[in-house]
Amino acid sequence: MISSLLFAALMASPAPAQVRGPQDEPPKRVRSILLYGDEQCPKTEDPDEIVVCANAGESPYRIPKRFRDQPKEDAGSNAWTNRVEAVEQFNRAGLPNSCSPVGTGGQTGCTRAAIRQWYQERLDAKAKAARTTTP
């Protein structure tokens with residue numbers, strides 16, 4: 001029993017560190033280079049230097065293809081009159097004569113819309129009658 005406890009204690013104790021050789025030091029210089037078009041990554045001449053190359057596209061002066069010719073959909077690309085009409089249409093819901101269930105005067109617009117529709121239908125019927133009776 002004592003021998004098993006002694007064995008367990010030895011197994012639980014930390015092991016001595018292994019002796020390693022001299023560690024490699026990090027390089028003294030790292031260069032990051034952006035390549036355009038068909039440029040080649042330069043070779044390192046110094047063993048203490050690392051060169052990291054990345055392809056940055058066709059040209060440093062051009063917008064990448066994925067960002068070219070995209071339609072603008074922000075508010076600044078719409079005409080001012082279209083923006084005003086959208087705001088007026090949205091805000092019109094609660095105003096009088098809007099034929100809307102929202103707001104205090106919305107119901108008055110429904111009657112006006114029905115009268116306008118009846119009047120337009122009457123004008124269309126008279127015009128149709130005038131076309132059919134004329135020789």
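Residues numbered from 1 in each chain as written. Predicted model: local features only at pLDDT ≥ 70, side-chain atom pairs only at ≥ 80, totals over all residues. Heavy atoms only, no water.

### Side note on the overall build of the protein chain
When you go through the protein chain residue by residue, the secondary structure sums to three helices and two strands. In the protein chain, which comprises 135 residues, the share counted as buried stands at 6%. For the protein chain, the proportion of contacts with a sequence separation of at least 24, taken over those separated by at least 6, is 1%. Accessible surface for the protein chain amounts to roughly 12600 Å². Of this, 57% is attributable to carbon and sulfur atoms. (Helix = DSSP H or I, 4+ residues; strand = E, 2+ residues; numbered from the N terminus. Buried < 20%, exposed > 50% of the residue type's maximum accessible area, 1.4 Å probe, protein only. Contact = heavy atoms within 4.5 Å. Areas by Shrake-Rupley, 256 points an atom, 1.4 Å probe, with all protein chains shown as cover.)

### Describing a negative patch on the surface
A cluster of acidic residues, D24, E25, E45, D46 and D48, forms a negative patch on the protein surface. Mapped onto the elements of the fold, E25 is located in the loop between helix 1 (2-12) and strand 1 (29-35). Its relative accessible area of 70% is what places E25 among the exposed residues. (Patch = residues over 30% accessible without salt bridge, like charges linked within 9 Å, V, L, I, M, F, W, Y side chains within 5 Å. Salt bridge = Lys/Arg side-chain N within 4 Å of Asp/Glu carboxyl O. Lys, Arg positive; Asp, Glu negative; His and termini not counted. Charge placed at Lys NZ, Arg CZ, Asp CG, Glu CD.)

### Brief notes about helix 2 (residues 80-91)
Taking 1.5 Å of rise per residue, twelve residues should cover 16 Å, and helix 2 covers 17 Å from first to last C-alpha, within 8% of that figure. In terms of burial, helix 2 is largely open, as just zero of its twelve residues are buried. (Expected span 1.5 Å × (residues − 1).)

### Let's talk about a nonpolar patch on the surface
Together, V30, I50 and V52 line one region of the surface with nonpolar side chains, adding up to about 240 Å² of accessible area. Topologically, V30 is positioned in strand 1. Since its relative accessible area comes to 52%, V30 is described here as exposed.

### Structural notes on the state of the cysteines
In a disulfide, the sulfur atoms of two cysteines are held together by a covalent bond. Overall, the coordinates contain one disulfide when judged by the stated rule. One disulfide bridge connects C41 with C53, the sulfur atoms lying 1.8 Å from each other. Judged by the sign of its S-S torsion, about 65°, the bond between C41 and C53 is right-handed. Residue C41 is found in the loop between strand 1 and strand 2 (49-55), and its partner C53 is found in strand 2; the two are separated by twelve residues along the sequence. Judged by relative accessible area, which is 30%, C41 ranks as partly exposed. (Disulfide = S-S within 2.5 Å.)

### Considering the pattern of salt bridges
Enumeration according to the criterion identifies two salt bridges in this entry. Across the pair E49 and R29 runs a salt bridge whose closest N-O atoms are separated by 3.5 Å. Pair noted here: E49 is in strand 2 and R29 is in strand 1, with a separation of 20 residues, a long-range link. What makes E49 buried here is its relative accessible area of 11%. You can call R29 partly exposed: its relative accessible area is 46%.

### Remarks on the side chain of E49
A polar contact of 3.5 Å, which involves the side chain of E49, links it to the side chain of R29. Other than its neighbours up to four places away in sequence, E49 contacts R29, R31 and T44. (Polar contact = N/O pair within 3.5 Å; in protein donor to acceptor, adjacent residues only side chain to side chain.)

### Considering the confidence of the model for the protein chain
Of the residues in the protein chain, 78% have a pLDDT of 70 or more, and the chain-wide mean is 76. No element of the protein chain has a lower mean pLDDT than helix 1, which averages 50, and none a higher one than strand 2, which averages 90. Note on residues 13-21: pLDDT is under 50 here. Beyond four places in sequence and across chains, it has zero contacts. (pLDDT = per-residue confidence, 0-100.)

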